[in-house]
Amino acid sequence: MPLDDNRMQDFAADLLRHEDALVESIEPDGLEVLAPPDVQRALGVGELSRLGFGTTLPAGAQRVGLEGDWLERFGRLLGSEGRWTRRVLDTEGKAPGDPERMLEHELVLDNATFRLLGAAPVWTRYLLMDFRASAVSDDKRDFITRLGINLATGALPDAVIAALGSFLDDPEADAAIPAEAELPPMWDRGRVTDLVGKALPRRLDVALDPFVRGLRRRLVRDQDRLYRYHNDLHNEAMGRAVGLPEGDPKRVREEQRAEAIGREYRAKLDDLSRQYATRVTVEWVQTLELVMPAYRLSVQVRRRKADRTIALDWNPLARRLEPPVCEATAGIERPRLVCDDALHLVVPAGLAPCAGCGRTYCRACHRGGCPKCGS
Amino acid sequence: MGWRNLRRFRQAHGLNLRKPTGGRRGSDNIAVGVSPRVGDDRGCQSSNPIRCGGDALSNRRRLPRDATEQTLFANIEQVPQSPVSGHKGTSVFWVRTVRAALAKRSPRALAIAERGLKACPEDRELLLLAALTATALGDPARSLELLQRYGKRHGADPSRVLLTALALGEQNEYGQALRLLSTEKMITDEAALEHFIGDAVMAGWMLGRLGSIRTLGAYAMMRRDTRSAKAGPGTAGSKTMAPKTAGPKAAGRRTTAPNTVGQEAAGSAAAKASAQRVAAKPQPVRPMRAVPALPKLEARFEMAFEIANPDAIEIDGVEPDAAAFRLRAELVRLSLFEGFDELLCLPALQDVEPHWYQVETARKVLKQYRGRVLLADEVGLGKTVEAGMVLKEYMLRGMAERILILTPASLVGQWRDEMAAKFGIECATSHDPLLRSDPAAFWAQPRVIASIAAARRKEQAELLAGLHYDVVVVDEAHHLRDQSSASYQLVNRLQKRFLLLLSATPVQNSLLELYNLLTLLQPGIFKTQKEFRSVYMVPGKPREPANRERLRDLMRGVMVRNTRALAALRMPRRHASTLRAAPDAEEAACYEELTALVRAAASGGDGGHRLSLQHLLAAAGSSPGAAAAAIARYVERHPRDKRWRDLLARTRTIASGAKEAALLRLLAQNPAEKKLVFVHHRDTLAHLAERLRHQKVPFALFSGDMSGPQKDAAVEAFRDQVPVLLCTESGGEGRNLQFCNTLINFDIPWNPMAIEQRIGRIDRIGQLREVFIFNLVTAGTIEDSVLRILDEKINMFELVVGEVGAILGEIDEQQDFSTLVLDAWLQGTEQARAEAFAKLETQLLAARREYDGVKQLDEALFGNELDAA
């Protein structure tokens, strides 16, 4: 991925200014910096220094680029700043057209019924957490993924969060929270990290799909080549063996050779597995607390004789209803089933029979495992 | 027949079969999340294990899909293959034949089973096996038909129920299948395995299908319940947003789906059609192949997720700072641009300026070859630097932690020094006594440089085979040319992700050597050796490729060879001359006396003793001063030997050696020209320094015991102020001394590689002028003999830096060259000495000739088409 012209330079200038350094542009593609002591220490530069970003350096300038440790130095300078902030977006009272139709479209439950109890404008709060992910195999892929939680409903509205991107990019879009607005309470950290631990791998899986498909394609190619090679060797050895009488030492030797080829084939396959094994390391980067108006739909879910009321928010900027999250897996798949006991909304796998004892149970009710056999 | 019965059956027939217990080695590595499988459900709608493997919707974690796949085929070789025993026509014969066909995933397994059923229509096991085969091969309708027949003849049987459920599952009748299993209490893995007729190789497949039936069956049953509830009273009038119901197609399928096993099979039109098809067109059953194919297995694809800093997650703060937030976001986005196009290692390199082709090679290795490549640059182009860059890059990117570098024994120290000095990679080496005292602890270290000779020893190779390495580097990889050699076997067995093979001369005697090397990198790239011979080799001419272009095409995928022509390296002309200084009588007498004493001592000494004798002779060859110091040390250890004390006294009387005068004359010629004087012995260095001071020759001193700034100051003084740099062996390593073009070897190391390293200090890329080398030797010394061989016989001073190593490779592998020299010198008689040196000459000449031949062969074979540009 090519880096845009001046992007590094613009970033460095913004950062230095943010850290109270005096920065002036110099030609060609450079900055002259009068740095306070903290900046000098973090960047390893003198009080007055020149930084060069282009192929031709200004006189006396140090080269700054992606190569080397400059990003590390900038990270040092930024320290723990920028880990959290709050944005408030206003939506000028936008409301959904037909909540019932919208609900019918977004919510599909196969073993329960539901009905809309009411809809009302509210203020809600999202936590948008950015993570930097690195997938390392024999290749490497780095990317940023964002996980958003609606603290009022517990929804993980990926599509809504993606649609909000352009509004969040506008620094002028901030508004004030009205005094009468009632925000949902902040979750405790444990609850957030639990949900992150559950929800993130499934989203990373989707984000990594092209990368993983590439790996798999190559794995299949190598695996097939490996098989052809060893199968040919095996056939050669066995071909020699079958031409010889039973018990002939040469035949025994050829058969042993064929066995050895089989063993080596398996060892090479193991080698291949290790070569393509992928480790995905995710690092939390920052959290944006987003406060904005929403339209809350109160929905009654009925299963047999029990019922439960859930809240679903309609986001006026994304103009979408946030689907409920599977309470067992927090995955991307929408929940389609409701459990009998607590009326949890889950995906089919969340209500599947236990592989150990065959009992069907709700994974959201029994997070520790099957209530019958514990598996 | 249940599992236990099956086992009894196997035991009765002498077959060993283990009950499947889960995934194979390494299958439990999934920390969180998913375990996608090669060729999995995303693009494969088939539930046929032969074509598709496990189940798309299985959410089982204890036995991941890959492990399931492995289990499916893990014991495949235990199935009787060929020849199938038993009399044709008996049920035993047919049961074993069908099992063998299933194990081999033969698409004709069903036809074989049908044929068996014709021969033995009453056999229970055969009937069940045929049903299993039909399901596994994607014909569940036929399976249900067979199971119906089974029911009529043999009545209720749990195995039949299980197979019926599997067949229904294949027909997407998951709800029906689940109900059936629930009724018969076979919904668990354990219960299903108990009644499964198939072999262990099919058990994994069965468990995968069972997982699907459980998940999708439960879902289907819930949907059905809901529809029933909605159809009942009390819901019609409610204000309910009814979910979409299944369409008429699904409803129709449900209504036609029979309630019992017999009915469903009997009612299946598809089953009838299938049966008619089978009846109308009986598949011809050809005899089984005499040579069974190797069972095809699937490699696992494992993916593990880890959140590195869950405790750091902040969810609230005090004062929002949008600007800092944006800056952090941009910082992280910038870090994503660090693709392989930008090498992170370049600024981290110390005392080395990589050439463009080396940078390109490193990039290509990372991006295109994905870390598995043969680096076959011509001698002297810096393969070690390329390998070091790749290693550093992988380390900086967090892609490599465990590194193993295998080299010839003589290069272990050089690799260690280069890795540490140029790349900041500190490695343990096989010189470490830990290798002997605690080999397991030694190999457990994350970065190791080992001599391949040490590593291939049986006990060490066993330890190494159990370890996993991110990167394995093999220097002088042509030593792996023989597939049956211990070195090849060692590298072949190592568990490694990235593999770098380094050799300037990968092919020496036969193209098969290339086949072996490239097969190590990518097994199967050239198919079998037999095929390689037939396609790429000319019969009777092992060095001549038959299909040069096609061979090169294949080689391009795994090999880089940069040439001087590509690098546009023009090395300067080199002039070497040897100045033989005649010693005065006393110096000559002392040397002779020393030689006699050393020979006498050597005749009864051990290895360590020989080393001290070698040191004595080398010191004497350097200067009388160094000789006196070495003899004094020897006398300290052997104070009773009067002959040595006398020799020490005589040697101390020699004020200066014959070479000193020659050196001063050289320095006096063209005094402004920079001259680099190499001296091995520190005593000689001190003596010469004193002598130059006395003669008022300005000079700078550079030795290994100086600090970094002192060394820098010495080089700076040499460049800017003084014409002479007195330098020990380590002198100038990694420093640019190309401003000097004259080198004087005041003493001569016995090992030509050491001489070459000295030359390499000034005869390197960046040297624009002709290079002059002067070798000073005292006539009649061991150094005199060494130089005669090296200079006059193999023209060592005409060789490109690096070629001496290539020539000496084979000789050095067996025994260190300096040891060979000492052996020759210590021969008891003049004639024996002459013969020993003559033999050494012959050996070297042969090696040189062989090297020239190999060079020509490799040039012809590889041309200029495998470079990194």
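The structure presented is a predicted model; accordingly, all values stated were derived computationally and were not measured.

(A) Seen up close, the overall build of chain B. Broken down by element type, chain B carries 38 helices and 16 strands. Per-residue burial over chain B gives 47% buried out of 869 residues. Residue pairs at least 24 apart in sequence account for 73% of intrachain contacts in chain B once pairs closer than 6 positions are excluded.

(B) View of the overall build of chain A. Across its full length, chain A holds eight helices and 12 strands. In chain A, which comprises 375 residues, the share counted as buried stands at 41%. Taking contacts inside chain A between residues at least 6 apart in sequence as the whole, the part at least 24 apart equals 56%.

(C) Representation of the sheet that holds strand β10 (residues 559-560) of chain B within the structure. Residues and elements named next belong to chain B. Here seven strands make up an open sheet; going across it, the order is β4-β5-β3-β6-β7-β2-β10 and the pairing parallel. Edge positions in the sheet fall to β4 (428-429) and β10, since each has one partner strand and no second. Bridge count between strand β3 (residues 403-407) and strand β6 (residues 468-474): four bridges; the pairing is parallel. Bridged to Leu 406 within β6 is Val 474.

(D) Focus on the sheet that holds strand β12 (residues 675-678) of chain B. Residue and element names in this part refer to chain B. With respect to topology, six strands assemble into an open sheet ordered β11-β16-β15-β12-β14-β13, the strand pairing being parallel. Looking at strand neighbours, the two that pair on one side only are β11 (574-581) and β13 (699-702), the edges of this open sheet. Adjacent strand axes in the sheet meet at a mean angle of 20°, parallel and antiparallel pairs treated alike. Together, β11, β12, β14 (724-727), β15 (742-745) and β16 (771-778) form the strand contacts of helix α31 (residues 658-668), whose direction differs from that of β16 by roughly 160°. The sheet strands contacting helix α33 (residues 708-720) are β13 and β14, and the helix crosses β13 at an angle near 150°.

(E) Spatial organisation of helix α15 (residues 356-367) of chain B. All names here are of chain B. Between its first and last C-alpha atoms α15 spans 16 Å; for 12 residues at 1.5 Å apiece the expected length is 16 Å, and the two agree. Those residues of α15 that fall on the buried side of the exposure criterion are Tyr 357, Gln 358, Thr 361, Ala 362, Val 365 and Leu 366. If you follow the buried residues of α15, they end up packed against β2 (372-375), α16 (383-396), β10 and α26 (564-567).

(F) Up close: the interface of chain A and chain B. If you look at the interface, chain A gives 111 residues, while chain B gives 97 residues. Ranked by the residues each element gives to the side of chain A that touches chain B, the list is headed by helix α7 (residues 209-242) of chain A, at 20 residues. Per-class residue counts for the side of chain A that touches chain B are 56 nonpolar, 25 polar and 30 charged. For strand β8 (residues 278-303) of chain A and strand β1 (residues 303-307) of chain B, the ladder comprises five bridges, and the chain directions are parallel. Note that in β1 of chain B the partner of Arg 279 of chain A across the bridge is Ala 304 of chain B.

(G) Seen up close, the packing of helix α4 (residues 109-119) of chain B against helix α5 (residues 124-136) of chain B. All names here are of chain B. Two elements in contact, α4 and α5, have axes separated by 9 Å at closest approach and are oriented at 155°. By the angle between their directions, the pair α4 and α5 is classed as roughly antiparallel. Helix-helix and strand crossings are classified by hand; for α4 and α5 the assignment is left-handed. Contacts from Ala 109, Leu 110, Ala 113, Glu 114, Gly 116 and Leu 117 in α4 reach Leu 126, Leu 127, Leu 129, Ala 130, Thr 133 and Ala 134 in α5.

(H) Main features of the nonpolar core. Of all hydrophobic cores here, the largest spans 326 residues; its most connected members are Val 98, Leu 500, Leu 725 and Leu 726 of chain B. For this core, the element with the highest residue contribution is β8 of chain A, accounting for 13 residues. Once you skip the residues sitting within four places of it in the chain, Leu 500 of chain B turns out to touch Val 373, Leu 375, Ala 387, Val 390, Val 471 and Val 473 of chain B.

(I) A look at the environment of Ala 207 of chain A. All names here are of chain A. Here Ala 207 lies in helix α6 (residues 189-207). Ala 207 sits in the partly exposed class, given 17 other C-beta atoms within 10 Å. Taking C-alpha positions, Ala 207 is 9.9 Å from Ala 133, a pair spaced 74 residues apart along the chain. Setting aside anything within four residues of it in sequence, one finds Ala 207 in contact with Phe 143 and Thr 145.

(J) Seen up close, the environment of Leu 845 of chain B. Residue and element names in this part refer to chain B. Locating Leu 845 in the fold gives a position in helix α38 (residues 830-862). The exposure class of Leu 845 is partly exposed, given the 14 C-beta atoms found within 10 Å. Residues Leu 845 and Lys 793 lie 52 residues apart in sequence; the distance between their C-alpha atoms is 6.7 Å. Look past the residues within four positions of Leu 845 in its chain and what remains in contact with it is Lys 793 and Ile 794.

(K) Representation of the pairing of strand β5 (residues 447-451) of chain B within the structure. Residue and element names in this part refer to chain B. Among the five residues of β5, four are classified as buried, and the element is accordingly described as predominantly covered. Inspection of the sheet shows β3 paired to β5 by five bridges, in the parallel sense. Pairing of Leu 404 across the sheet is with Val 448, part of β5. Pairing analysis gives two bridges linking β4 to β5, with the strands arranged parallel. Within β5, the position partnered with Ala 428 by the bridge is Val 448.

(L) Structural view of the confidence of the model for chain B. Residue and element names in this part refer to chain B. Overall, the predicted model of chain B reaches an average pLDDT of 77, with 78% of residues at or above 70. Per-element averaging of pLDDT across chain B places helix α2 (residues 65-74) at the bottom with 34 and β3 at the top with 96. Per-residue pLDDT stays below 50 along residues 1-86; that stretch engages in 183 contacts with residues further than four places along the chain or on separate chains. Low pLDDT (under 50) marks residues 232-289, which in the prediction has 66 contacts with non-local residues, meaning those over four places away or in another chain.

(M) Layout of unusual backbone geometry. Geometrically, the link from Glu 27 of chain A to Pro 28 of chain A is a cis peptide bond, its omega value of -10° lying close to zero. We note that Leu 343 of chain A has phi near 55°; this positive angle belongs to a residue other than glycine. Using a count of 21 C-beta atoms within 10 Å as the deciding quantity, one classes Leu 343 of chain A as buried. Despite not being glycine, Glu 476 of chain B has its phi angle at roughly 50°, a positive value. Along the chain, Glu 476 of chain B turns up in the loop between β6 and α22 (486-493).

(N) The environment of Asn 745 of chain B, seen in detail. Residue and element names in this part refer to chain B. Note on placement: Asn 745 falls in strand β15. With 25 C-beta atoms packed within 10 Å, Asn 745 lands in the buried category. The spatial distance from the C-alpha of Asn 745 to the C-alpha of Val 777 is 8.7 Å, given a sequence separation of 32 residues. Excluding residues that lie within four positions of it along the chain, Asn 745 makes contacts with Phe 678, Ile 755, Arg 758, Phe 774, Asn 775 and Leu 776.

Calculation rules
- Residues numbered from 1 in each chain as written.
- Chains lettered and ligands numbered in written order.
- Predicted model: local features only at pLDDT ≥ 70, side-chain atom pairs only at ≥ 80, totals over all residues.
- Helix = DSSP H or I, 4+ residues; strand = E, 2+ residues; numbered from the N terminus.
- Buried ≥ 20, exposed ≤ 12 C-beta atoms within 10 Å, placed from the backbone.
- Contact = placed C-beta atoms within 7 Å.
- Pairing = 2+ DSSP bridges.
- Axes fitted to C-alpha atoms, helices over the stretch in contact; angles between N-to-C directions.
- Expected span 1.5 Å × (residues − 1).
- Nonpolar A, V, L, I, M, F, W, Y, C, P; charged D, E, K, R; others polar.
- Parallel < 35°, antiparallel > 145°, perpendicular 65-115°, else oblique.
- Left-handed = near helix turned anticlockwise from the far one by under 90°.
- Core = buried A, V, L, I, M, F, W, Y, C linked by C-beta atoms within 7 Å.
- pLDDT = per-residue confidence, 0-100.

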